[in-house]
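Residues per chain, in single letters:
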Amino acid sequence: MHLKTMKCNPFCLIASLEDPDMFNRPEQRASFEDLFRAFDRNVTFQFFKSFRRVRINFTNAVAAAEARAKLHKSDFNGREVRLYFAQSVHIGSPHLEPPKPDKQFLLSPPPSPPVGWEQSKDATPVINYDLLCAIARLGPGEKYELQPGTPTTPSVVVHVCDNDQESSGNEEQMDGGRRPRPKIVQTRRPEYSPSVMQ
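Each chain has its residues counted from 1, running along the sequence as written. Owing to the predicted nature of the model, reporting of local features is limited to residues with pLDDT of at least 70; listing and counting of side-chain atom pairs is limited to 80 or more, with chain, interface and lining totals taken over all residues. The side-chain numbers reported here are obtained from all heavy atoms of the structure, hydrogens and water having been left aside.

Caption draft 1: Structural detail: the confidence of the model for the protein. Looking at the protein as a whole, its pLDDT mean stands at 78, while 79% of the residues score no less than 70. Residue-level confidence of the predictor, termed pLDDT, takes values from 0 up to 100. Each helix corresponds to a stretch of at least 4 residues labelled H or I by DSSP, and each strand to a stretch of at least 2 residues labelled E; elements are numbered beginning at the N terminus. Least confident of the elements in the protein is helix H4 (residues 164-167), whose mean pLDDT is 51; most confident is strand S3 (residues 53-57), at 92. Residue contacts are counted whenever heavy atoms from the two residues lie within 4.5 Å of one another. Per-residue pLDDT stays below 50 along residues 166-171; that stretch engages in one contact with residues further than four places along the chain or on separate chains.

Caption draft 2: The arrangement of the nonpolar core in detail. Remark: nonpolar core denotes a set of buried residues (Ala, Val, Leu, Ile, Met, Phe, Trp, Tyr, Cys) joined through side-chain atoms within 4.5 Å. Buried residues are those whose accessible area, probed at 1.4 Å on protein chains only, stays under 20% of the maximum for their type, while exposed residues exceed 50% and partly exposed ones sit between those limits. Within the largest apolar cluster, 20 residues are counted, with the highest numbers of intra-cluster contacts made by Met22, Phe32, Phe36, Val54, Ile56, Phe58 and Leu83. For this core, the elements supplying multiple residues, two or more each, are strand S1 (4-17), helix H1 (26-37), strand S2 (44-48), S3, helix H2 (61-71) and strand S5 (79-91). Among all residues touching Val54, those that are not within four sequence positions of it are Leu13, Ile14, Ala15, Leu17, Met22, Phe23, Phe32, Phe45, Gln46 and Phe47.

Caption draft 3: The arrangement of the side chain of Gln28 in detail. The residue Gln28 is located in helix H1 in this model. Using a relative accessible area of 13% as the deciding quantity, one classes Gln28 as buried. For Gln28, the residues in contact, after removing those within four places along its chain, are Asp19, Asp21, Met22, Phe76 and Asn77.

Caption draft 4: Molecular detail of the pattern of salt bridges. Every case where a carboxyl oxygen of Asp or Glu lies within 4 Å of a side-chain nitrogen of Lys or Arg is listed as a salt bridge. Enumeration over the complete set of coordinates arrives at two salt bridges. The partner of Glu33 in a salt bridge is Arg37, with the nearest N and O atoms 3.2 Å apart. Within this pair, Glu33 and its partner Arg37 are both found in helix H1, separated by four residues, close to a single helical turn.

Caption draft 5: Quick look at the side chain of Asn57. Mapped onto the elements of the fold, Asn57 is located in strand S3. Counted as a polar contact is a pair of N or O atoms within 3.5 Å, where, for protein atoms, one must be capable of donating a hydrogen and the other of accepting one, and residues adjacent in sequence contribute only when both atoms are in side chains. Among the polar contacts made by the side chain of Asn57, one reaches the side chain of Arg55 at a distance of 2.9 Å. In contact with Asn57, not counting residues within four places along its chain, are Phe11, Cys12, Asn42, Val43, Thr44 and Gln46.

Caption draft 6: Region of interest: the packing of aromatic side chains. Between rings of Phe, Tyr and Trp, where Trp is taken as its six-membered ring, a pair exists when centres lie within 6.5 Å; planes separated by under 30 degrees are stacked, by over 60 edge-to-face, and by other angles tilted. Applying the stated rule across the entire model yields seven aromatic pairs. On the numbers, 6.4 Å between centres and 65° between planes, the contact of Phe36 with Phe58 is edge-to-face. Pair noted here: Phe36 is in helix H1 and Phe58 is in the loop between S3 and H2, with a separation of 22 residues, a long-range link. Across the pair, Phe58 and Phe36 agree in class, each one buried.

Caption draft 7: View of empty space enclosed by the protein. Both site types are read off a 1 Å grid over the protein atoms alone. A 1.4 Å probe that fits but cannot get out defines a cavity, while an open set with protein on both sides within 12 Å along at least five of seven lines defines a pocket; lining residues have an atom within 4 Å of a point. Grid points are joined across faces, edges and corners, and a volume is the space filled by probe spheres set on the points. Within this structure, the stated rule accounts for one cavity of 30 Å³ or more. Of the voids in this model, the largest cavity is the one considered here, and its volume is about 40 Å³. Leu17, Glu18, Asp19, Met22, Phe76, Arg79, Glu80 and Val81 together form the lining of the largest cavity. Any residue outside Ala, Val, Leu, Ile, Met, Phe, Trp, Tyr, Cys, Pro, Asp, Glu, Lys and Arg is labelled polar, Gly included; the first ten of those are nonpolar and the last four are charged. Considered class by class, the residues forming the lining of the largest cavity number four nonpolar, no polar and four charged.

Caption draft 8: Representation of unusual backbone geometry within the structure. Although it is not a glycine, Arg52 adopts a positive phi angle of roughly 55°. The residue Arg52 is located in the loop between S2 and S3 in this model. In this structure Arg52 comes out as partly exposed when scored by relative accessible area, which is 39%. The backbone of Lys73 shows a phi angle near 60°, a positive value even though the residue is not glycine. Here Lys73 lies in the loop between H2 and strand S4 (74-76).

As structure tokens, this is what we get:
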């Protein structure tokens, strides 16, 4: 990471103006420029209306310093003018550097992993013994309510199936040796009540 450094520009001043009308009226802009032309004839101006700032570029640093010393916090059309030396920001190298090779091995096609990389081991599975115990206690033909019903939602009930191995030999086989599939009864939808929706 590069360090950010700020350097003061001795040839340039930034004027902070509180009067927004100065940017719209050419006669006020001309009188503002005349204040600084007394220090340097070749001075140039850049007006930034949305920031209420003016950048004033001098040809020598002595003229810029004199203008700031004499006009800082001075009065212009009933408003105070504040002057500051412009600062240029320099952030490290002007060239864009490639990214660090931390996770480049995840790209496709994958190259060799970085030095020292080890594959993480899978975590041991979590076994809920309380749930297994509750399921083991259920016998054939019993039912267990997982979620009680409310006026707006149905209840969730688990029915344990009967043991078909014992009775499979005694039942009559139909349809060429196949037993008929049991019919699945659809869960009834709760009644609509408008008071719940309000």
